[in-house]
Amino acid sequence: NLEVTTPTGVLSGKMTAGKEKKIEILVANTGSSTLKSVMLRATKPNGWLVDYEPQIIEAIEPGKSASSVLTVKPDRNAMAGDYVVSTEATVGDTKVRTQFRISVKTPVVWGWIGILIMATAVGSIYYVFRKYGRR
């Protein structure tokens, strides 16, 4: 038997579009025999970069666990929202899938640019009414 989780058991997180984040993954052997050549793969949204280090775990003794680092980088053009990155650990005919829910937010700079555009529009309208007023 095989189990994939994180050290804290939390399978969700927050990220900023275009910024890389590392997540520690624990692969536990809950069976009674040694697992050899455990392969880790991920299914990701389009444009995202996802990588494991190491991608293949050589051996996991019964009752023990091994760790791998999952590096996730959302597309820099990703819209704010919730996304799913599915991980899969395979050894022989056994496959275990775990889903990570990732909440992506956009960089704060775009909010400030939006506020600046709105302030410019309001200021321009105010200027036009003050200059030309009622005629």
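Not measured: the values here are computed from a predicted model. Each residue is numbered by its place in its chain's sequence as written, counting from 1. The predicted nature of this model means local features are confined to residues of pLDDT at least 70 and side-chain atom pairs, given and counted, to a pLDDT of 80 or more, with totals for whole chains, interfaces and linings taken over all residues. Side-chain figures throughout are based on the complete set of non-hydrogen atoms in the structure, without hydrogens or water.

Comments concerning the layout of surface pockets
- Here the largest pocket defines a volume of roughly 150 Å³.
- For each structure, a 1 Å grid was placed over the protein atoms alone; sets of points admitting a 1.4 Å probe that cannot get out are labelled cavities, open sets with protein on both sides within 12 Å along at least five of seven lines are labelled pockets, and lining residues have an atom within 4 Å of a point. As for the largest pocket, its lining consists of 14 residues, of which Thr6, Val10, Ser12, Lys21 and Ile23 are closest to the centre.
- Starting at the N terminus, helices and strands are each numbered in turn, a helix being any DSSP run of H or I of at least four residues and a strand any DSSP run of E of at least two. Contributing elements (two or more residues each) for the lining of the largest pocket: strand 2 (12-16), strand 3 (21-29) and strand 9 (94-105).
- For the lining of the largest pocket, the leading source of residues is strand 2, giving 4 residues.
- Three categories are distinguished: nonpolar for Ala, Val, Leu, Ile, Met, Phe, Trp, Tyr, Cys and Pro, charged for Asp, Glu, Lys and Arg, and polar for the others, with Gly belonging to the last. Taken together, the residues that form the lining of the largest pocket break down as 6 nonpolar, 4 polar and 4 charged. Grid points are joined across faces, edges and corners, and a volume is the space filled by probe spheres set on the points.

A word on the confidence of the model for the chain
- Confidence in the prediction for the chain averages 91 pLDDT; 99% of positions are at 70 or higher.
- Predicted confidence in the chain is weakest over strand 1 (residues 2-5), with a mean pLDDT of 90, and strongest over strand 7 (residues 65-73), with 94. pLDDT is defined as a per-residue confidence score from the predictor, taking values between 0 and 100.

Observations concerning the environment of asparagine 46
- Secondary-structure assignment places asparagine 46 in the loop between strand 4 (35-43) and strand 5 (49-53).
- Think of it in three bands: residues with accessible area under 20% of the maximum for their type are buried, residues over 50% are exposed, and the middle band is partly exposed, with areas taken using a 1.4 Å probe on protein chains only. Since its relative accessible area comes to 76%, asparagine 46 is described here as exposed.

Quick word on the sheet that holds strand 8 (residues 81-91)
- If DSSP finds at least two bridges between two strands, the strands pair. The strand order 2-9-8-4-6 describes an open sheet built from 5 strands, whose pairing is mixed. For this open sheet the edge positions go to strand 2 and strand 6 (56-60), each flanked by a neighbour on one side alone. Across this sheet, the average inter-strand angle for adjacent strands is 30°, counted without regard to direction.
- Summarising the sheet, strand 4 and strand 6 pair through 4 bridges and their orientation is antiparallel. Counterpart to leucine 35 in the pairing with strand 6 is isoleucine 60. Convention adopted: a line fitted to C-alpha atoms gives each axis, helices being fitted over their contacting stretch, and angles between N-to-C directions are expressed from 0 to 180 degrees.

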